[in-house]
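Coordinate inspection notes
Okay, here's what each chain looks like letter by letter:
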Amino acid sequence: MRVTFCTDLDKSVVVANCERRGWIQVGPDDEWNIYWAGTQTCRSLFSVDSGYRMNDNQIINHFPNHYELSRKDLLVKNIKRYRRDLEKEGSLLAERGDSAKYLYLDFIPITFVLPADYNMFVEEYRKTPQSTWIMKPCGRSQGSGIFLINKLSKLKKWSREAKTPFQQHLTKESYVISKYIDNPLLIGGKKFDLRLYVLVTSFRPLKAYQFRLGFCRFCTVKYDSSVAELDNMYVHLTNVSVQKHGGEYNSLHGGKLSVQNLRLHLESTRGKDVTETLFDQISWLIIHSLKAVAPVIATDRHCFECYGYDIIIDNKLKPWLIEVNASPSLTSTTANDRILKHKLLNNIFSLVTPPSGMPDVRWNKIPTEDALGDFELLIDEDLINLQEGDNHYLAKNSFKWK
């Protein structure tokens, strides 16, 4: 059986994993079975103008409109709509009963899209005029174009200097402005966030898995919320693409700590029960962010997607969703990073291909237990509807998100 793969990303982690399986690399114009593509390639492939139609033995690593989750403005819009729908149904906590007292839907900070929501932002700003807000361009990544403000006059000044007055018909680039989490959980006095990997093999029905081997990304400078440090991105932004340019950056560990070590630290300093609750809340947050976009994603049997979730924890151990990346970096900055990302890709390929090894969109996408590797099942709406014992590992798993 000859399985072929194609990639337009110059990443050895992709090629090495495919070749280790005996797959043969081909070009985009050849007959391929698996395409690990950049987001732009995927858009071109699915465009009406391309005329390309995939056969039953072809899969690709993006959904056609994955950006409904990864674009900051669309993520905010979709979660707000989802929240309204749940509130209308009056079932905000009903799905887990009395045991779900900690559940909430405010897992993103108060956020507005500029320029469209400028007046609403001003109204909210005036309620707490001493608060700090963070501005992010909607379509960019790696910390590009981000800055903090604590005065309305600074926003107006930026608007004038950028020559993008807040008039919708004149502004080319949208921004989101969010209330800054100014009470982050600190370790060693430094701010950090979590990078977690989530694999989605279907949105309708929803099938999602979380990679156990995520990591924390630390700032190189100790956290300081004073006005004097408002412009110091080494204090506030955890992005490696930003921090690696700082004088305090340590290339040996890359400013990273494994999620397993974070859990051990929290269990020893905060207690096992509250730590378990925190990680349950993180899983809940991921599931409901996916549910929020599921109705609008153009689901396609040929598609799967690995998202990079960026989550920050405040000092009350409440997780906040910062953003979701559709093409999380596969570049390795340390030896541990390289091991993690090779394992991530290996596990993904095991999950998205049936036991035969040949991609087949007619497959029910229920993997064997061995195929999970370091992924754990978050939700599978197909399995939820099956009777216990109808498949080989349903009986051995307890699903949190039925």
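These numbers come from a predicted model, not from an experiment.

Remarks on the nonpolar core
Leu-194, Phe-203, Ile-286, Leu-290, Tyr-309 and Leu-321 are the most contacted members of the largest nonpolar core, which totals 56 residues. A per-element tally of this core places helix H10 (residues 272–293) first, with ten residues. When near neighbours in sequence (up to four residues on either side) are disregarded, Phe-203 contacts Phe-63, Leu-290, Val-293, Ala-294, Ile-297, Thr-299 and Tyr-307. If you look at the next biggest cluster of nonpolar residues, it comprises 32 residues, including Trp-36, Leu-199, Tyr-209 and Val-352.

A closer look at empty space enclosed by the protein
Tallying each qualifying case throughout the model produces three cavities of 30 Å³ or more. Of the pockets and cavities examined, the largest cavity occupies roughly 370 Å³. Within the residue set of the lining of the largest cavity, elements represented by two or more residues are helix H4 (72–89), strand S6 (133–137), strand S8 (175–179), strand S10 (190–203), strand S14 (305–313) and strand S15 (319–325). Classifying every residue of the lining of the largest cavity by side-chain character gives 13 nonpolar, five polar and eight charged. In this structure, the second largest cavity occupies an estimated 100 Å³ of space. Among the residues forming the lining of the second largest cavity, the class breakdown is eight nonpolar, two polar and three charged.

Topic: unusual backbone geometry
For the bond running from Leu-114 to Pro-115, omega is 15°, close enough to zero to count as cis. Its place among the elements puts Pro-115 in the loop between strand S5 (111–114) and helix H5 (118–125). Following Arg-204, the chain continues into Pro-205 via a peptide bond in cis, with omega recorded as 0°. Residue placement: Pro-205 occurs in the loop between S10 and strand S11 (206–211). One non-glycine residue, Leu-317, lies in the positive phi region at around 60°. Within the fold, Leu-317 resides in the loop between S14 and S15. Notably, Lys-365 is not glycine yet its phi reads approximately 60°, a positive angle.

Here we look at the side chain of Gln-210
Within the secondary structure layout, Gln-210 lies in strand S11. A residue is classified by how much of its surface remains accessible, and Gln-210, at 8% relative accessible area, is buried. Ignoring any residue separated from it by four or fewer positions in sequence, one finds Gln-210 in contact with Leu-196, Tyr-197, Ser-283, Ile-286, Asp-374, Phe-375, Glu-376 and Leu-378.

Here we look at the confidence of the model for the chain
Per-residue pLDDT for the chain has a mean of 85; in total, 84% of the residues score no lower than 70. Ranking the elements of the chain by mean pLDDT puts helix H8 (residues 240–243) last with 72 and helix H9 (residues 259–269) first with 97. Long-range and interchain partners of residues 98–103, a stretch whose pLDDT sits below 50, account for eight contacts in this model, where long-range means more than four residues apart. The low-confidence segment residues 391–402 (pLDDT under 50) makes 33 contacts with residues lying over four places distant or belonging to another chain.

Here we look at the packing of aromatic side chains
Under the defined criterion, the tally for this structure stands at 15 aromatic pairs. Judged by centre distance (6.3 Å) and plane angle (40°), the ring pair of Phe-112 and Trp-133 falls under tilted. Note that Phe-112 is positioned in strand S5 and Trp-133 in strand S6, a separation of 21 residues in sequence. Neither Phe-112 nor Trp-133 differs from the other in exposure class; each is buried. Taking the ring centre of Phe-279 as reference, the NZ or CZ of Arg-263 above it sits at 4.1 Å.

Conventions we followed
- Residues numbered from 1 in each chain as written.
- Predicted model: local features only at pLDDT ≥ 70, side-chain atom pairs only at ≥ 80, totals over all residues.
- Heavy atoms only, no water.
- Core = buried A, V, L, I, M, F, W, Y, C linked by side-chain atoms within 4.5 Å.
- Buried < 20%, exposed > 50% of the residue type's maximum accessible area, 1.4 Å probe, protein only.
- Helix = DSSP H or I, 4+ residues; strand = E, 2+ residues; numbered from the N terminus.
- Contact = heavy atoms within 4.5 Å.
- 1 Å grid on protein atoms, 1.4 Å probe; cavity = no way out; pocket = protein on both sides within 12 Å on 5 of 7 lines; lining within 4 Å.
- Points joined across faces, edges and corners; volume = space filled by probe spheres on them.
- Nonpolar A, V, L, I, M, F, W, Y, C, P; charged D, E, K, R; others polar.
- pLDDT = per-residue confidence, 0-100.
- Phe/Tyr/Trp six-rings, centres within 6.5 Å; stacked < 30°, edge-to-face > 60°.
- Lys NZ or Arg CZ within 6 Å of the ring centre and 35° of its normal.

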